[in-house]
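Observations on chain architecture
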Amino acid sequence: GKFTMKRKQSNRPELIPAPFFVDIPSHVTIIKQLLKEWTDGSERSFLLLGNQGVGKNKIVDRICQIANFEREYIQLHRDSTIGQLTLSPSLEDGRIVWKDSPLVRAVMEGRSLVIDEADKAPLDVVCVLKSLVEDGELLLADGRRILRDGCGEGIIPIHPDFTVWVLANRPGWPFHGNDFFKEVGDCFSSHVIPNPDRASEVDLLRKYAPTVETSTLQKIAASFSELREMSDRGDISYPYSTREAVSVVKHLEAHPEEGIESALRNILDIDSFDSRLFSRIGDVFRRNGLSLPYSFVELVTINNDGELSIEYVGKREAEGVSNSPPDLGSPKVGKWDDANDPHVGGNQVCKSYEDFKGGI
(Lines give C-alpha, C1' and ligand atoms only; values in the text may rest on other atoms or scores of the structure.)
Protein backbone atom coordinates (compact mmCIF):
# COMPACT_ATOMS: atom_id res chain seq x y z
CA GLY A 1 0.00 0.00 0.00
CA LYS A 2 0.88 3.68 -0.07
CA PHE A 3 3.06 5.15 2.65
CA THR A 4 3.63 8.85 3.36
CA MET A 5 5.94 10.53 5.85
CA LYS A 6 7.19 14.06 6.48
CA ARG A 7 10.88 14.54 5.75
CA LYS A 8 13.09 16.10 8.41
CA GLN A 9 14.67 19.52 8.06
CA SER A 10 18.44 19.41 7.89
CA ASN A 11 21.02 21.98 8.98
CA ARG A 12 23.92 19.84 7.71
CA PRO A 13 22.93 18.54 4.26
CA GLU A 14 26.47 17.26 3.71
CA LEU A 15 25.74 14.58 6.33
CA ILE A 16 22.87 13.14 4.30
CA PRO A 17 24.09 10.20 2.17
CA ALA A 18 23.36 10.03 -1.55
CA PRO A 19 23.98 6.40 -2.51
CA PHE A 20 23.58 4.77 -5.88
CA PHE A 21 20.52 2.71 -5.07
CA VAL A 22 18.23 0.57 -7.19
CA ASP A 23 14.68 0.46 -5.84
CA ILE A 24 14.10 -3.26 -6.27
CA PRO A 25 10.87 -4.64 -4.71
CA SER A 26 12.52 -6.64 -1.91
CA HIS A 27 14.52 -3.65 -0.65
CA VAL A 28 11.62 -1.20 -1.04
CA THR A 29 9.47 -3.44 1.17
CA ILE A 30 12.11 -3.46 3.92
CA ILE A 31 12.64 0.31 3.70
CA LYS A 32 8.91 0.97 3.92
CA GLN A 33 8.58 -1.21 7.02
CA LEU A 34 11.51 0.46 8.78
CA LEU A 35 10.33 3.99 8.01
CA LYS A 36 6.81 3.14 9.15
CA GLU A 37 8.15 1.99 12.53
CA TRP A 38 10.19 5.18 12.83
CA THR A 39 7.27 7.44 11.86
CA ASP A 40 4.90 5.73 14.31
CA GLY A 41 7.35 6.65 17.06
CA SER A 42 7.46 3.11 18.34
CA GLU A 43 11.12 2.50 17.48
CA ARG A 44 14.36 4.47 17.41
CA SER A 45 16.74 1.48 17.60
CA PHE A 46 17.06 -0.97 14.73
CA LEU A 47 19.18 -4.06 14.20
CA LEU A 48 19.73 -5.27 10.64
CA LEU A 49 21.11 -8.80 10.47
CA GLY A 50 22.35 -10.39 7.28
CA ASN A 51 25.26 -11.98 5.51
CA GLN A 52 28.04 -9.82 4.15
CA GLY A 53 27.10 -8.13 0.89
CA VAL A 54 23.30 -8.30 1.05
CA GLY A 55 22.89 -4.51 1.10
CA LYS A 56 22.52 -3.51 4.77
CA ASN A 57 24.54 -0.30 4.39
CA LYS A 58 22.79 0.56 1.14
CA ILE A 59 19.37 0.20 2.73
CA VAL A 60 20.21 2.45 5.69
CA ASP A 61 21.80 5.06 3.42
CA ARG A 62 18.71 5.05 1.23
CA ILE A 63 16.48 5.48 4.29
CA CYS A 64 18.54 8.50 5.39
CA GLN A 65 18.34 9.93 1.88
CA ILE A 66 14.56 9.48 1.64
CA ALA A 67 13.77 10.81 5.12
CA ASN A 68 16.50 13.49 5.08
CA PHE A 69 18.22 12.01 8.14
CA GLU A 70 21.69 13.34 8.95
CA ARG A 71 23.96 10.35 9.43
CA GLU A 72 26.92 9.64 11.71
CA TYR A 73 28.94 6.46 11.16
CA ILE A 74 31.03 4.15 13.35
CA GLN A 75 32.64 0.89 12.29
CA LEU A 76 33.53 -1.51 15.09
CA HIS A 77 36.23 -4.18 15.14
CA ARG A 78 37.81 -6.67 17.51
CA ASP A 79 39.99 -4.02 19.16
CA SER A 80 37.21 -1.46 19.66
CA THR A 81 37.02 -0.03 23.18
CA ILE A 82 34.36 1.75 25.18
CA GLY A 83 36.44 4.94 25.09
CA GLN A 84 36.53 4.92 21.30
CA LEU A 85 32.75 4.88 21.24
CA THR A 86 32.53 8.17 23.11
CA LEU A 87 35.67 10.18 22.25
CA SER A 88 37.56 10.66 18.98
CA PRO A 89 41.17 11.91 18.78
CA SER A 90 42.19 14.51 16.19
CA LEU A 91 45.47 16.28 15.47
CA GLU A 92 45.26 20.08 15.62
CA ASP A 93 48.30 22.39 15.55
CA GLY A 94 50.55 19.51 16.48
CA ARG A 95 48.43 18.52 19.47
CA ILE A 96 46.09 15.60 20.01
CA VAL A 97 42.64 16.95 20.83
CA TRP A 98 39.85 14.70 22.06
CA LYS A 99 36.44 15.53 20.65
CA ASP A 100 32.97 14.08 20.85
CA SER A 101 32.62 10.85 18.88
CA PRO A 102 29.95 10.33 16.19
CA LEU A 103 27.84 8.62 18.86
CA VAL A 104 27.83 11.66 21.14
CA ARG A 105 27.18 14.05 18.25
CA ALA A 106 24.25 11.94 17.07
CA VAL A 107 22.78 11.89 20.58
CA MET A 108 23.03 15.67 20.92
CA GLU A 109 21.81 16.62 17.43
CA GLY A 110 19.18 13.94 16.87
CA ARG A 111 20.99 12.28 13.99
CA SER A 112 21.00 8.70 12.77
CA LEU A 113 23.95 6.72 14.09
CA VAL A 114 25.05 3.80 11.91
CA ILE A 115 27.09 1.22 13.84
CA ASP A 116 28.63 -1.11 11.29
CA GLU A 117 30.24 -4.53 11.92
CA ALA A 118 28.73 -4.62 15.39
CA ASP A 119 29.22 -8.37 15.61
CA LYS A 120 33.00 -7.85 15.59
CA ALA A 121 33.04 -5.79 18.80
CA PRO A 122 34.02 -7.23 22.20
CA LEU A 123 31.12 -8.05 24.50
CA ASP A 124 31.92 -5.22 26.92
CA VAL A 125 31.41 -2.72 24.11
CA VAL A 126 28.18 -4.48 23.14
CA CYS A 127 26.93 -4.13 26.72
CA VAL A 128 27.57 -0.37 26.57
CA LEU A 129 25.33 -0.15 23.51
CA LYS A 130 22.68 -2.09 25.38
CA SER A 131 22.87 0.37 28.28
CA LEU A 132 22.41 3.30 25.91
CA VAL A 133 19.52 1.78 23.97
CA GLU A 134 17.64 0.03 26.75
CA ASP A 135 18.31 2.24 29.77
CA GLY A 136 18.92 5.54 27.99
CA GLU A 137 22.09 6.13 30.00
CA LEU A 138 25.80 6.21 29.23
CA LEU A 139 28.71 7.61 31.26
CA LEU A 140 31.41 9.28 29.15
CA ALA A 141 35.13 9.18 29.84
CA ASP A 142 35.26 12.91 30.63
CA GLY A 143 32.63 12.64 33.37
CA ARG A 144 29.60 13.74 31.38
CA ARG A 145 26.56 11.52 31.33
CA ILE A 146 24.06 10.81 28.56
CA LEU A 147 20.51 10.52 29.91
CA ARG A 148 17.20 9.99 28.15
CA ASP A 149 15.34 12.31 30.52
CA GLY A 150 17.81 14.56 32.25
CA CYS A 151 19.16 18.07 32.49
CA GLY A 152 21.77 20.00 34.39
CA GLU A 153 25.51 20.44 34.36
CA GLY A 154 27.38 17.57 32.79
CA ILE A 155 24.19 15.97 31.49
CA ILE A 156 23.62 15.36 27.77
CA PRO A 157 19.92 14.74 27.08
CA ILE A 158 19.10 12.27 24.32
CA HIS A 159 17.44 14.04 21.40
CA PRO A 160 14.01 12.54 20.61
CA ASP A 161 15.03 11.95 16.97
CA PHE A 162 18.26 10.13 17.87
CA THR A 163 18.17 6.82 15.99
CA VAL A 164 20.52 3.85 16.14
CA TRP A 165 21.00 1.58 13.13
CA VAL A 166 23.12 -1.42 14.06
CA LEU A 167 24.40 -3.61 11.22
CA ALA A 168 25.70 -7.10 11.95
CA ASN A 169 26.54 -10.32 10.16
CA ARG A 170 25.16 -13.63 11.34
CA PRO A 171 27.35 -15.31 13.98
CA GLY A 172 29.89 -18.02 13.32
CA TRP A 173 31.83 -19.09 10.26
CA PRO A 174 32.92 -17.49 7.96
CA PHE A 175 32.42 -14.07 9.56
CA HIS A 176 33.82 -15.00 13.00
CA GLY A 177 31.56 -12.54 14.80
CA ASN A 178 29.81 -12.79 18.14
CA ASP A 179 26.11 -13.58 18.46
CA PHE A 180 25.01 -9.95 18.67
CA PHE A 181 21.32 -10.80 18.56
CA LYS A 182 21.67 -13.23 21.47
CA GLU A 183 23.35 -10.59 23.63
CA VAL A 184 21.27 -7.47 22.95
CA GLY A 185 18.72 -8.34 20.27
CA ASP A 186 15.79 -7.81 22.62
CA CYS A 187 16.64 -4.08 22.82
CA PHE A 188 16.18 -3.49 19.09
CA SER A 189 13.62 -3.80 16.39
CA SER A 190 15.42 -6.63 14.62
CA HIS A 191 15.14 -7.35 10.91
CA VAL A 192 16.84 -10.04 8.83
CA ILE A 193 18.05 -8.76 5.46
CA PRO A 194 18.20 -11.62 2.94
CA ASN A 195 19.63 -11.62 -0.54
CA PRO A 196 17.08 -10.31 -3.07
CA ASP A 197 14.76 -12.73 -4.81
CA ARG A 198 15.77 -13.83 -8.32
CA ALA A 199 13.67 -11.27 -10.22
CA SER A 200 14.82 -8.40 -7.98
CA GLU A 201 18.46 -9.44 -8.35
CA VAL A 202 18.22 -9.49 -12.15
CA ASP A 203 16.70 -5.98 -12.08
CA LEU A 204 19.55 -4.84 -9.83
CA LEU A 205 22.22 -6.35 -12.09
CA ARG A 206 20.63 -4.73 -15.14
CA LYS A 207 21.03 -1.27 -13.58
CA TYR A 208 24.74 -1.89 -13.00
CA ALA A 209 25.30 -3.41 -16.43
CA PRO A 210 22.74 -2.05 -18.92
CA THR A 211 24.64 -3.25 -22.00
CA VAL A 212 25.08 -6.85 -20.84
CA GLU A 213 22.56 -9.27 -22.32
CA THR A 214 19.62 -10.10 -20.08
CA SER A 215 20.18 -13.82 -20.61
CA THR A 216 23.71 -13.48 -19.20
CA LEU A 217 22.42 -11.57 -16.17
CA GLN A 218 19.85 -14.28 -15.55
CA LYS A 219 22.53 -16.99 -15.70
CA ILE A 220 24.71 -15.07 -13.24
CA ALA A 221 21.79 -14.55 -10.85
CA ALA A 222 20.81 -18.23 -11.09
CA SER A 223 24.40 -19.35 -10.41
CA PHE A 224 24.83 -17.22 -7.32
CA SER A 225 21.42 -18.24 -6.04
CA GLU A 226 22.48 -21.89 -6.28
CA LEU A 227 25.77 -21.13 -4.47
CA ARG A 228 23.81 -19.57 -1.60
CA GLU A 229 21.63 -22.65 -1.36
CA MET A 230 24.78 -24.77 -1.16
CA SER A 231 26.06 -22.54 1.65
CA ASP A 232 22.78 -22.89 3.54
CA ARG A 233 23.11 -26.68 3.31
CA GLY A 234 26.71 -26.52 4.51
CA ASP A 235 28.18 -27.77 1.22
CA ILE A 236 30.39 -24.66 0.92
CA SER A 237 31.40 -22.24 3.66
CA TYR A 238 31.15 -18.81 2.04
CA PRO A 239 27.65 -17.48 1.28
CA TYR A 240 28.23 -15.69 -2.03
CA SER A 241 26.02 -12.61 -1.93
CA THR A 242 24.58 -10.03 -4.29
CA ARG A 243 27.77 -8.00 -3.85
CA GLU A 244 29.78 -10.66 -5.70
CA ALA A 245 27.19 -10.86 -8.47
CA VAL A 246 27.32 -7.08 -8.87
CA SER A 247 31.14 -7.20 -9.04
CA VAL A 248 30.92 -9.68 -11.92
CA VAL A 249 28.49 -7.64 -14.02
CA LYS A 250 30.33 -4.37 -13.34
CA HIS A 251 33.47 -5.99 -14.71
CA LEU A 252 31.55 -7.20 -17.76
CA GLU A 253 30.13 -3.72 -18.31
CA ALA A 254 33.51 -2.01 -18.04
CA HIS A 255 35.54 -4.65 -19.93
CA PRO A 256 33.23 -6.58 -22.28
CA GLU A 257 36.19 -7.77 -24.35
CA GLU A 258 37.50 -9.88 -21.45
CA GLY A 259 34.44 -12.09 -21.26
CA ILE A 260 32.57 -13.81 -18.46
CA GLU A 261 35.45 -16.10 -17.46
CA SER A 262 37.72 -13.20 -16.55
CA ALA A 263 34.91 -11.47 -14.65
CA LEU A 264 34.20 -14.60 -12.61
CA ARG A 265 37.89 -15.16 -11.85
CA ASN A 266 37.99 -11.75 -10.16
CA ILE A 267 36.02 -13.16 -7.25
CA LEU A 268 36.62 -16.91 -7.51
CA ASP A 269 40.39 -17.15 -7.87
CA ILE A 270 40.83 -17.17 -4.10
CA ASP A 271 38.95 -20.49 -3.99
CA SER A 272 40.92 -22.01 -6.88
CA PHE A 273 43.69 -23.20 -4.55
CA ASP A 274 41.23 -25.77 -3.20
CA SER A 275 40.75 -27.93 -6.29
CA ARG A 276 37.72 -29.81 -4.94
CA LEU A 277 35.93 -26.65 -3.86
CA PHE A 278 36.74 -24.85 -7.10
CA SER A 279 35.45 -27.81 -9.11
CA ARG A 280 32.12 -27.75 -7.25
CA ILE A 281 31.75 -24.01 -7.72
CA GLY A 282 32.64 -24.35 -11.40
CA ASP A 283 30.00 -27.04 -11.85
CA VAL A 284 27.35 -24.57 -10.66
CA PHE A 285 28.27 -21.97 -13.27
CA ARG A 286 28.59 -24.56 -16.04
CA ARG A 287 25.14 -25.96 -15.24
CA ASN A 288 23.76 -22.47 -15.73
CA GLY A 289 25.51 -21.99 -19.07
CA LEU A 290 28.57 -19.98 -18.02
CA SER A 291 32.14 -20.91 -18.89
CA LEU A 292 34.61 -21.55 -16.08
CA PRO A 293 37.79 -23.69 -16.12
CA TYR A 294 37.86 -26.91 -14.16
CA SER A 295 41.02 -26.16 -12.23
CA PHE A 296 43.41 -23.41 -11.30
CA VAL A 297 46.06 -24.88 -13.56
CA GLU A 298 44.06 -23.79 -16.60
CA LEU A 299 44.12 -20.21 -15.31
CA VAL A 300 47.89 -19.91 -15.25
CA THR A 301 49.22 -17.76 -18.09
CA ILE A 302 52.58 -16.39 -19.19
CA ASN A 303 52.84 -12.99 -20.81
CA ASN A 304 53.99 -12.54 -24.38
CA ASP A 305 57.50 -11.51 -23.36
CA GLY A 306 57.95 -14.62 -21.27
CA GLU A 307 59.11 -12.54 -18.29
CA LEU A 308 56.44 -13.69 -15.84
CA SER A 309 55.62 -17.25 -14.96
CA ILE A 310 53.15 -18.37 -12.31
CA GLU A 311 53.70 -21.73 -10.67
CA TYR A 312 50.69 -23.62 -9.41
CA VAL A 313 50.72 -24.17 -5.67
CA GLY A 314 49.15 -27.55 -5.18
CA LYS A 315 47.79 -29.21 -2.11
CA ARG A 316 50.20 -28.90 0.78
CA GLU A 317 51.89 -32.13 1.76
CA ALA A 318 52.49 -33.32 5.30
CA GLU A 319 55.18 -31.49 7.21
CA GLY A 320 58.65 -33.03 6.82
CA VAL A 321 61.75 -33.08 8.99
CA SER A 322 64.30 -30.28 8.98
CA ASN A 323 67.59 -31.20 7.31
CA SER A 324 69.56 -28.91 9.62
CA PRO A 325 68.02 -29.06 13.09
CA PRO A 326 69.67 -26.95 15.83
CA ASP A 327 71.80 -28.57 18.48
CA LEU A 328 69.66 -28.97 21.57
CA GLY A 329 72.47 -30.19 23.82
CA SER A 330 73.54 -26.71 24.91
CA PRO A 331 72.24 -23.11 24.82
CA LYS A 332 72.66 -21.17 21.61
CA VAL A 333 75.45 -18.59 21.91
CA GLY A 334 74.93 -15.33 20.08
CA LYS A 335 77.47 -12.83 18.85
CA TRP A 336 79.54 -11.22 21.63
CA ASP A 337 79.65 -7.41 21.56
CA ASP A 338 82.78 -6.11 23.30
CA ALA A 339 81.62 -2.48 22.91
CA ASN A 340 78.33 -3.23 24.66
CA ASP A 341 76.46 -0.98 22.21
CA PRO A 342 72.66 -0.89 22.31
CA HIS A 343 71.15 -3.07 19.59
CA VAL A 344 67.99 -1.35 18.37
CA GLY A 345 66.06 -2.15 15.22
CA GLY A 346 68.45 -4.83 13.98
CA ASN A 347 71.42 -2.51 13.56
CA GLN A 348 73.92 -5.35 13.54
CA VAL A 349 75.00 -6.36 10.03
CA CYS A 350 76.41 -9.78 9.19
CA LYS A 351 79.81 -9.15 7.63
CA SER A 352 80.49 -12.79 6.97
CA TYR A 353 78.80 -16.17 6.87
CA GLU A 354 80.47 -17.01 10.17
CA ASP A 355 78.72 -14.01 11.77
CA PHE A 356 75.45 -15.24 10.42
CA LYS A 357 75.92 -18.74 11.80
CA GLY A 358 76.87 -17.38 15.19
CA GLY A 359 73.61 -15.50 15.60
CA ILE A 360 72.97 -11.84 16.27
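The following paragraphs examine the structure supplied in this document. (Residues numbered from 1 in each chain as written. Predicted model: local features only at pLDDT ≥ 70, side-chain atom pairs only at ≥ 80, totals over all residues. Heavy atoms only, no water.)

**As for the packing of aromatic side chains**
Which entries qualify depends on this criterion: Stacked, edge-to-face and tilted are the three classes for Phe, Tyr and Trp ring pairs, Trp counted by its six-membered ring, which pair at centre distances within 6.5 Å; planes under 30 degrees apart are stacked, over 60 edge-to-face, the rest tilted. Residue exposure (1.4 Å probe, protein chains only): buried if accessible area is under 20% of the type maximum, exposed if over 50%, otherwise partly exposed.
Under the definition given, this model contains six aromatic pairs. Relative to Y240, the ring of Y238 has its centre 5.1 Å away and its plane inclined at 80 degrees; by these criteria the two rings are edge-to-face. Overall, the relative accessible area of 22% leaves Y238 in the partly exposed class. Put simply, the rings of F224, Y238, Y240 and F285 touch in pairs and so form one group of aromatic residues.

**A look at the sheet that holds strand β5 (residues 112–116)**
The cut-off we apply is this: Whether two strands pair depends on DSSP finding at least two bridges between them. Secondary structure elements follow DSSP: runs of H or I of four or more residues count as helices, runs of E of two or more count as strands, with numbering from the N terminus. Axis definition: a line fitted to C-alpha atoms, over the contacting stretch in the case of helices. Angles run 0 to 180 degrees between N-to-C directions. Should any heavy atoms of two residues lie within 4.5 Å, those residues are counted as being in contact.
With parallel pairing, five strands are arranged side by side in an open sheet as β2-β5-β9-β1-β10. Only two strands of the sheet have a single partner each, and these edge strands are β2 (71–75) and β10 (189–192). Shown here is a sheet whose adjacent strand axes are inclined to one another by a mean of 20 degrees, direction ignored. As judged from the five bridges shared by strand β1 (residues 45–49) and strand β9 (residues 163–168), these two strands associate in the parallel manner. Bridging from a neighbouring strand, L48 pairs with L167 of β9. Against the sheet, helix α2 (residues 56–67) touches β1, β2, β5 and β9, its axis set at about 160 degrees to β9.

**Brief notes about the state of the cysteines**
Simply put, disulfide is the name for a covalent bond between the sulfur atoms of two cysteines. Definition in use: What counts as a disulfide here is a pair of cysteine sulfur atoms lying within 2.5 Å.
A complete count under the given rule lists zero disulfides for this structure. With no disulfide of its own, C127 lies 9.8 Å from the sulfur of C187, the closest cysteine sulfur. Of the residues examined, C127 reaches a relative accessible area of 48% and is grouped as partly exposed.

**What about helix α5 (residues 123–135)?**
Formally: Here, expected helix span is obtained from the residue count minus one, scaled by 1.5 Å. What the arc covers is the set of directions going from the helix axis to the C-beta atoms.
With 13 residues, α5 should cover 18 Å at 1.5 Å per step; its first-to-last C-alpha distance of 17 Å lies within 8% of that length. Considered for burial, the residues of α5 that qualify are V125, V126, V128, L129, L132 and V133. Each buried residue of α5 sits inside an arc of 155 degrees when the element is viewed along its axis, so together they form one side. Within two residues after α5, G136 carries a phi angle of roughly 65 degrees, on the positive side.

**Considerations on the sheet that holds strand β8 (residues 155–157)**
Taken in spatial order, the three strands of this open sheet run β6-β7-β8, and their pairing is mixed. The two strands at the open ends of the sheet, each matched to only one other strand, are β6 (137–139) and β8. Here the average twist between neighbouring strands, direction ignored, is 20 degrees. Taken together, the three bridges between β6 and strand β7 (residues 145–147) define a ladder with antiparallel strand orientation. The partner of L138 across the bridge, within β7, is I146. Where helix α4 (residues 102–109) meets the sheet, its contacts fall on β6, β7 and β8, and the angle it forms with β8 comes to roughly 65 degrees. Packed onto the sheet, α5 meets β6 and β7 and runs at close to 140 degrees relative to β6.

**Regarding unusual backbone geometry**
Of note, the phi angle at N68 is positive, near 65 degrees, even though the residue is not glycine. Locating N68 in the fold gives a position in the loop between α2 and β2. Among the residues examined, N68 registers a relative accessible area of 16% and is labelled buried.

Geometry only, nothing functional implied.
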